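Coordinate analysis (summary)
Spelled out from the first residue to the last, the chains are:
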Amino acid sequence: MINHLFYEAKLSMSWRLLLLSVFVSILRLTKAFSPEVPEIWVGWVVFLEFVYPVLFPLLMFTILEREKQWHTLEVLVGTPKKKGMIFLFRSLFVLLLLVLVAIAAVSPAEYLLIIAPGLALGSVAFLFGLFLGEEAGLGLSLAWWGFSFLSVLTGRSLSSFRTINWFVLLLSTSGLPRNELLVRKLAHLGVGLFLFAMAFTLADLKRSWFVR
Amino acid sequence: MAIKAEALTRHYGHVQALKGVDLEIGTGVFGLLGPNGAGKTTFIRIVATILPPTSGRATVFGYDVVRERIPIRRMLGYLPQEFGAYPKLTGYEYLEYIAALKGVRHPKEQINALLDRFGLSGVARRRVTSYSGGMLRRLGIAQALLGDPKVLLVDEPTAGLDPEERVRFREYLMDLGSHRVIVLSTHLVEDVAMICDRLAILSEGKLRFFGTPGELVAQFQGRIYQLVVPEEAVKEKLLALGERVLTTQRIEGGRAMRVLGEVPEGRLVTPSLEDAYLALLRL
């Protein structure tokens with residue numbers, strides 16, 4: 001098991017992402033980057049909430065795409081090891097790095113703000129990537145992000161659509177009370193975790209690994 | 001029988017890759033021969049539990065390829081047509097990773113023995129990105145043999161290998177086939193002629209022949225003729241004989257043609273396995 005974990009870490013580890021988290025941590029710890037000034041801090045969080053979640057689906061797409069690109073998928077599928085477990089480990093190592101970057105980049109009060117939409121988008125990319133093909137998964141998740149982005153750009157009041165507005169992922173500029181914002185972010189986190197669990201189950205049950 | 005297929009079909013949209021194939025495969029090296037697009041890879045993938053059949057049934061040692069995938073995967077070694085290894089890993093690491101996925105206990109001895117056997121010990125600590133096509137293919141067969149599988153599926157294993165590598169590869173397979181089930185999918189008749197005890201020929205998703213190489217050749221005994229045609233008359237002869245021409249070979253002063261069916265100026269010859277295979281596809 002330890003051997004297996006070691007190799008999954010080695011295969012999924014993105015050195016660039018690790019360096020980024022170390023770099024951001026150093027900036028924060030040495031106070032070279034001090035976003036504590038409220039004007040800078042708000043702008044920084046808004047920027048991160050817009051940009052950072054996109055990394056999640058991109059990395060989830062990469063996990064699936066590389067198996068095909070390297071022609072390693074068929075051998076992997078042909079082994080008795082549960083595919084859900086393999087992809088769980090790989091996703092965890094990738095997500096761990098992303099969370100490390102987030103921890104270094106913002107204060108604990110804002111973790112949920114940038115991690116929840118990332119997990120939601122990443123889980124869509126992964127689940128639908130397994131189900132419909134990785135391009136479709138990535139496309140759907142980016143469409144979701146695009147919808148949220150457009151909602152912010154067009155400045156639609158979140159209260160105007162009762163159900164649809166829960167799908168808007170980018171909320172830091174919405175003007176929602178802090179409590180409601182956190183509830184929505186928790187809902188996005190919950191959806192993300194649920195879809196991830198579904199994706200790992202699907203990987204185990206998946207019968208057709210059609211290789212182009 | 002180790003592998004059994006009953007009325008196996010597989011569709012990709014409107015394309016029928018397999019059309020009701022019945023096959024029984026036992027111990028030894030079994031050749032799956034056919035032109036490109038015949039359905040060989042689809043058959044191998046179904047047996048390897050990568051793809052489910054659209055209809056029909058296939059079993060490996062009694063286990064159903066759809067419902068009982070895990071027990072099949074435990075006894076399977078698989079070398080796909082397009083084999084690749086993780087570029088981040090060395091040859092040794094790749095085998096160690098696959099051993100972990102296969103649940104091989106104490107893999108080090110096995111890995112070292114396989115690296116030795118396939119002449120990869122010297123490059124085992126090098127990243128696989130530096131491997132030649134032949135070395136990668138040998139790494140592929142080494143990973144397939146990890147865990148000493150009862151069934152080995154190899155899809156076009158000699159494609160892209162130089163002649164020397166190809167000969168060595170056939171020897172490996174012959175050695176391995178003495179005590180396990182090996183299914184060798186290929187479009188090269190030479191591979192089958194050299195190492196297979198039995199073979200099946202697939203064409204356009206249908207099973208066209210099932211038996212021993214000798215039985216296939218016997219089907220065309222007395223039906224293959226050879227004639228020598230001067231160079232200037234080759235075009236005209238090819239047009240006249242059409243699909244009956246199986247092979248042509250350049251010889252001094254013209255071409256030697258192998259033809260299916262009697263030709264007045266030809267002489268009857270003993271068919272080779274290649275003649276018989278090509279003749280079968282013409283029928």
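Described below are features of the structure shown in this document. Within each chain, residues carry numbers counting from 1 in the order of the written sequence. Starting at A for chains and at 1 for ligands, labels are handed out in the order in which the entities are written. Local features are withheld for residues below a pLDDT of 70 in this predicted model, meaning they are given only at 70 or higher, and side-chain atom pairs are given and counted only at 80 or more; totals for whole chains, interfaces and linings count all residues. Where side-chain values are given, they derive from all heavy atoms of the structure, hydrogens and water being excluded.

For this analysis, a nonpolar core means a set of buried residues of the types Ala, Val, Leu, Ile, Met, Phe, Trp, Tyr and Cys, connected via side-chain atoms within 4.5 Å. Partly exposed residues are those whose accessible area sits between 20% and 50% of the maximum for their type, while under 20% is buried and over 50% is exposed, using a 1.4 Å probe and protein chains only. Membership of the largest hydrophobic core comes to 150 residues, with the highest contact counts inside it found for Phe126 of chain A together with Ile3, Tyr94, Tyr97, Leu153 and Leu173 of chain B. Note on conventions: DSSP H or I runs of at least 4 residues are helices, E runs of at least 2 residues are strands, and numbering of each starts at the N terminus. In terms of residues, this core owes the most to one element, helix 7 (residues 111-132) of chain A, which gives 12 residues. Within the second largest apolar cluster, 9 residues are counted, among which are Tyr225, Val229, Val245 and Met257 of chain B.

The next subject is the interface of chain B and chain A. In this description, contact between two residues means that some pair of their heavy atoms is separated by no more than 4.5 Å. At the junction of the two partners, chain B supplies 33 residues and chain A supplies 32 residues. For the pair chain B and chain A, the summed buried surface comes to about 3,000 Å²; carbon and sulfur atoms form 59% of the total. Taken as a group, Tyr86, Lys88 and Leu101 of chain B account for 23% of the area that chain B buries against chain A, more than any other trio of residues on that side. We define a salt bridge as a side-chain nitrogen of Lys or Arg found within 4 Å of a carboxyl oxygen belonging to Asp or Glu. Run the count over chain B and chain A and you get 2 salt bridges. Taking the shortest distance from any N to any O, the salt bridge between glutamate 74 of chain A and arginine 45 of chain B comes out at 3.0 Å. Any pair of nitrogen or oxygen atoms within 3.5 Å is treated as a polar contact; in protein, a donor-acceptor pairing is required on top of that, and neighbouring residues in sequence qualify only through side-chain atoms on both sides. The interface formed by chain B and chain A includes 17 residue pairs in polar contact (both at pLDDT 80 or more). Of all the elements in the fold, those that place two or more residues in the side of chain B that touches chain A are strand 1 (3-12), helix 2 (69-74), strand 6 (76-79) and helix 3 (91-102) of chain B. Looking at which element gives the most residues to the side of chain B that touches chain A, the answer is helix 3 of chain B, with 8 residues. For the side of chain B that touches chain A, the residue count by class is 20 nonpolar, 3 polar and 10 charged. By buried area we mean how much accessible surface two parts lose on assembly, using a 1.4 Å probe and totalling the loss over both. Classification convention: Asp, Glu, Lys, Arg as charged; Ala, Val, Leu, Ile, Met, Phe, Trp, Tyr, Cys, Pro as nonpolar; all other residues, Gly among them, as polar.

Residue and element names in this part refer to chain B. In short, DSSP must find at least two bridges between two strands for them to pair. Taken in spatial order, the 4 strands line up as 2-1-4-5 in an open sheet, and their pairing is antiparallel. Each edge of the open sheet carries a strand with a single partner, namely strand 2 (15-25) and strand 5 (63-64). Looking at chain direction, strand 4 (residues 55-60) and strand 5 are connected through 2 bridges and run antiparallel. In the sheet register, valine 60 faces strand 5, and the bridge partner there is tyrosine 63. Docked against the sheet, helix 1 (residues 40-47) engages strand 1, strand 2 and strand 4, running at close to 120 degrees with respect to strand 1. Fitted lines through C-alpha atoms give the axes, limited to the stretch in contact for helices. The angle between two N-to-C directions lies from 0 to 180 degrees.

For the rest of this paragraph, the subject is the side chain of arginine 73 of chain B. If you trace the backbone, arginine 73 of chain B turns up in helix 2. Aspartate 204 of chain A provides the closest opposite charge to the buried, unpaired arginine 73 of chain B, separated from it by 7.3 Å. Reaching out from arginine 73 of chain B, the side chain makes a polar contact with the backbone oxygen of valine 77 of chain A at a distance of 3.3 Å. Apart from the residues within four sequence positions on either side, arginine 73 of chain B is in contact with Val77, Gly78, Thr79, Pro80 and Lys83 of chain A together with Thr49 of chain B. When charges are counted, Lys and Arg contribute as positive and Asp and Glu as negative, whereas His and the chain ends are disregarded.

Its identity is not glycine, yet histidine 71 of chain A carries a phi of approximately 60 degrees, on the positive side. Positionally, histidine 71 of chain A belongs in the loop between helix 4 (55-69) and helix 5 (73-77). One non-glycine residue with positive phi stands out, namely histidine 106 of chain B, at about 45 degrees. Within the element layout of this structure, histidine 106 of chain B appears in the loop between helix 3 and helix 4 (107-117). The exposed category is assigned to histidine 106 of chain B, whose relative accessible area is 73%.

Everything listed here is a matter of geometry and, on its own, says nothing about what the molecule does.
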